[in-house]
Amino acid sequence: MLPVTYYIGLSAVLFIMGALGVLIRRNLIVIFMSVELMLNAANLAFVAFARYYQEMSGQVFVFFVMAVAAAEVAVGLSLIVAIYRARRTVNVDDLSEMKG
Amino acid sequence: MTLDVILFFILALIAVAAAAGMLLSKNAVHAALFLVLNFATLAVFYLILGGPFISMAQITVYTGAIMVLFLFVIMLLGVEKLRGEDKLAWQIPTAAVLAGVLLIEAGYFLFFRRVPVEMSGTASLPETFGGPQAISATLFSQYALPVEIAGVLLLVAMVGVIVMTKWNAE
């Protein structure tokens, strides 16, 4: 097995790219995809540590993250559809009425 | 050992390139397909790390179900073309600086702090490690209550989505 540092480094890079996507993209759907990318980066760290410690719990946690992500995607996308129906846009810069 | 390193770096390059493609693409469908590529690469990583069941779950749940749902919504709303202009010009430089800070911090912790994680694990694994049997044995004994909670969460999410759709239709 490669040093676990390699996998944690890759996981950190992917997480940072996801965070960057949330910050720079203005489309709600793409922001949501970036959140998925961050969840997957965390999953990679979980699996790498599960391999390192030879412990099943890490992989079980990945399973839970997938379940929560599926629920989150279903609710989030239905919210996006509702926003689009009400406002005819999915651009977050156009959704600023709650700004003081 | 060197073959492992080469394989890791090829896969890591594909994963990072796919993530960058998702960040930079002007079309939401292309972004979703880049993300599918990224998830498939991560599934290969899970196979290398001794998690065949998690790898297949990644393929079916993420690249199968979740990304198809994304593509479905993108095409349903017809928002493939993303608007180019930005109202806040300072946003991208600020985000880049923040991401750079995060990267330096992560690099510092990984390479300069002498944490014990840099050792490699043992080469050999138990025969059944990461298979469906081992996963379910852990899942339904040690993590029985979290499984129930995850099930309730999925049910609540499903009911919530149905309520949202009904409420929209009225």
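Our subject is the structure listed above.
Cut-off values and rules
Residues numbered from 1 in each chain as written. Chains lettered and ligands numbered in written order. Predicted model: local features only at pLDDT ≥ 70, side-chain atom pairs only at ≥ 80, totals over all residues. Heavy atoms only, no water. Helix = DSSP H or I, 4+ residues; strand = E, 2+ residues; numbered from the N terminus. Contact = heavy atoms within 4.5 Å. Buried area = accessible area lost by both parts, 1.4 Å probe. Salt bridge = Lys/Arg side-chain N within 4 Å of Asp/Glu carboxyl O. Polar contact = N/O pair within 3.5 Å; in protein donor to acceptor, adjacent residues only side chain to side chain. Nonpolar A, V, L, I, M, F, W, Y, C, P; charged D, E, K, R; others polar. Phe/Tyr/Trp six-rings, centres within 6.5 Å; stacked < 30°, edge-to-face > 60°. Buried < 20%, exposed > 50% of the residue type's maximum accessible area, 1.4 Å probe, protein only. Arc of directions from axis to C-beta. Core = buried A, V, L, I, M, F, W, Y, C linked by side-chain atoms within 4.5 Å.

Q: Can you break down the side chain of S34 of chain A residue by residue, with the values?
A: Secondary-structure assignment places S34 of chain A in helix α2 (residues 28–53). Beyond its immediate chain neighbours, meaning those up to four positions away, S34 of chain A contacts G18, G21 and V22 of chain A together with M22 of chain B.

Q: Explain the interface of chain A and chain B to me, using residue names and the numbers behind them.
A: Between chain A and chain B, the contact holds 70 residues from the first and 84 residues from the second. Overall, the association of chain A and chain B removes approximately 7,000 Å² of surface from exposure, summing both partners, and the carbon and sulfur fraction of that is 76%. Sorting the residues of chain A by area buried against chain B places M33, R51 and M66 of chain A first, and these three jointly supply 9% of that buried surface. Applying the counting rule to chain A against chain B returns zero salt bridges. The interface formed by chain A and chain B holds seven residue pairs in polar contact (both at pLDDT 80 or more) in total. Taken together, the elements giving at least two residues each to the side of chain A that touches chain B come down to α1 (4–24), α2 and α3 (57–87) of chain A. A total of 24 residues in the side of chain A that touches chain B trace back to one element, the largest contributor, which is α3 of chain A. Considering only residue class, the side of chain A that touches chain B consists of 50 nonpolar, twelve polar and eight charged.

Q: Could you give an account of the packing of aromatic side chains, naming the residues involved and the relevant values?
A: Tallying each qualifying case throughout the model produces 16 aromatic pairs over all chains. Measuring from centroid to centroid gives 5.0 Å for Y7 of chain A and F8 of chain B, while their planes differ by 85°, and the two rings are edge-to-face. You can see Y7 of chain A sitting in helix α1 and its partner F8 of chain B sitting in helix α1 (residues 2–24), one on each of two chains. Each member of the pair, Y7 of chain A as well as F8 of chain B, is classed as buried. Ring centres 6.3 Å apart and planes at 20° place the aromatic pair F49 of chain A and Y53 of chain A in the stacked group. On the criterion of helical spacing, the pair formed by F49 of chain A and Y53 of chain A is a turn pair, its members being four residues apart in helix α2. Given the relative accessible area of 27%, F49 of chain A is considered partly exposed. You can call Y53 of chain A exposed: its relative accessible area is 55%. Clustering of aromatic rings is evident, with ring pairs tying together Y6 and Y7 of chain A together with F8, F9 and F45 of chain B.

Q: Go over helix α5 (residues 132–141) of chain B, please, and point to the residues and values.
A: Residues and elements named next belong to chain B. Residues A134, I135, T138 and L139 constitute the buried set of α5. Along the long axis of α5, the arc covered by the buried residues comes to 125°, so they all point the same way. Along α5, exposed side chains directed more than 90 degrees from the buried face belong to P132, Q133, F140 and S141.

Q: How would you sum up the nonpolar core? Please name residues and give values.
A: Counting 73 residues, the largest nonpolar core has I29 and M33 of chain A together with F45, F70 and L77 of chain B as the members making the most contacts within it. Taken together, the elements giving at least two residues each to this core come down to α1, α2 and α3 of chain A together with α1, α2 (28–48), α3 (52–77), α4 (91–111) and α5 of chain B. By residue number, the principal contributor to this core is α2 of chain A, which donates twelve residues. Discounting chain neighbours no more than four positions away, the residues touching I29 of chain A are I80 of chain A together with F70, V73, I74, L77 and V79 of chain B.

Q: Please provide a residue-by-residue account of the pattern of salt bridges, values included.
A: Residue and element names in this part refer to chain A. All told, the structure shown has two salt bridges over all chains when counted by the stated rule. D93 is paired through a salt bridge with R26; the nearest N and O atoms lie 3.3 Å apart. One end of the pair, D93, is in the segment after α3; the other, R26, is in the loop between α1 and α2, with 67 residues separating them in the sequence. R26 shares its class with D93; the two are buried.

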